[in-house]
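Here are the chains, one letter per residue:
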Amino acid sequence: MTEIHYGVVRVAGRWRLIGEGLTLNGYESRKAATRAALRLTSFATGLGVPVELHLQDENGGLRRKRLGVEGRA
């Protein structure tokens, strides 16, 4: 099955939402970028397409969050 990957990362002092063929930037906080990413993922998960969201923490580490997979949130 198709799976979509998005990332919330910090580049040059700004938080960006990235994905294949997608870069949305200009978020001043990680929280604002994450909220935007969750709104975007809701379109795919609403159609039954699973999404893997990669979230960068303040120290640069990445953690993954799987959305739209049965039995997981």
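Residues numbered from 1 in each chain as written. Predicted model: local features only at pLDDT ≥ 70, side-chain atom pairs only at ≥ 80, totals over all residues. Heavy atoms only, no water.

Draft legend 1. Examining the overall build of the protein chain more closely. Looking only at helices and strands, one finds one helix and five strands in the protein chain. Sequence-ordered secondary structure for the protein chain, helices as α and strands as β, is β-β-β-α-β-β. For 73 residues, the compact-globule estimate of 2.2 N^0.38 gives 11 Å, and the C-alpha radius of gyration of the protein chain, at 12 Å, lies within 12% of that figure. Based on the C-alpha atoms only, the size of the protein chain along its principal axes is roughly 35 × 20 × 20 Å. Here the protein chain holds 73 residues, and the buried ones make up 29% of them. Taking as baseline every contact in the protein chain between residues at least 6 positions apart, the subset at least 24 positions apart corresponds to 37%. Total accessible area computed for the protein chain in this model is approximately 4,900 Å², and 50% of it derives from carbon and sulfur atoms. Treating the 12 positive side-chain charges of the protein chain as one cloud and the 7 negative ones as another, the clouds have centres 6 Å apart. (Helix = DSSP H or I, 4+ residues; strand = E, 2+ residues; numbered from the N terminus. Rg over C-alpha atoms; globule rule 2.2 N^0.38 Å. Buried < 20%, exposed > 50% of the residue type's maximum accessible area, 1.4 Å probe, protein only. Contact = heavy atoms within 4.5 Å. Areas by Shrake-Rupley, 256 points an atom, 1.4 Å probe, with all protein chains shown as cover. Lys, Arg positive; Asp, Glu negative; His and termini not counted. Charge placed at Lys NZ, Arg CZ, Asp CG, Glu CD.)

Draft legend 2. Structural detail: the sheet that holds strand S4 (residues 51-56). Spatially, S3-S2-S1-S4-S5 is the arrangement adopted by the five strands of the open sheet, whose pairing is mixed. Looking at the sheet topology across the chains shown, the edges are occupied by strand S3 (22-27) and strand S5 (62-67). The sheet shows a mean angle of 20° between the axes of neighbouring strands, direction not considered. Bridge analysis of strand S2 (residues 14-19) against S3 gives four bridges, and the strand direction is antiparallel. (Pairing = 2+ DSSP bridges. Axes fitted to C-alpha atoms, helices over the stretch in contact; angles between N-to-C directions.)

Draft legend 3. Expanded view of helix H1 (residues 30-46). Under the 1.5 Å per step criterion, the end-to-end length of H1 is 24 Å for 17 residues, consistent within 8% with the ideal 24 Å. Those residues of H1 that sit buried are Ala33, Thr34, Ala36, Ala37, Thr41 and Ala44. Lining the buried residues of H1 we find strand S1 (4-11), S2, S3, S4 and S5. One or two positions beyond H1, positive phi appears at Gly48, with a value near 85°. (Expected span 1.5 Å × (residues − 1).)

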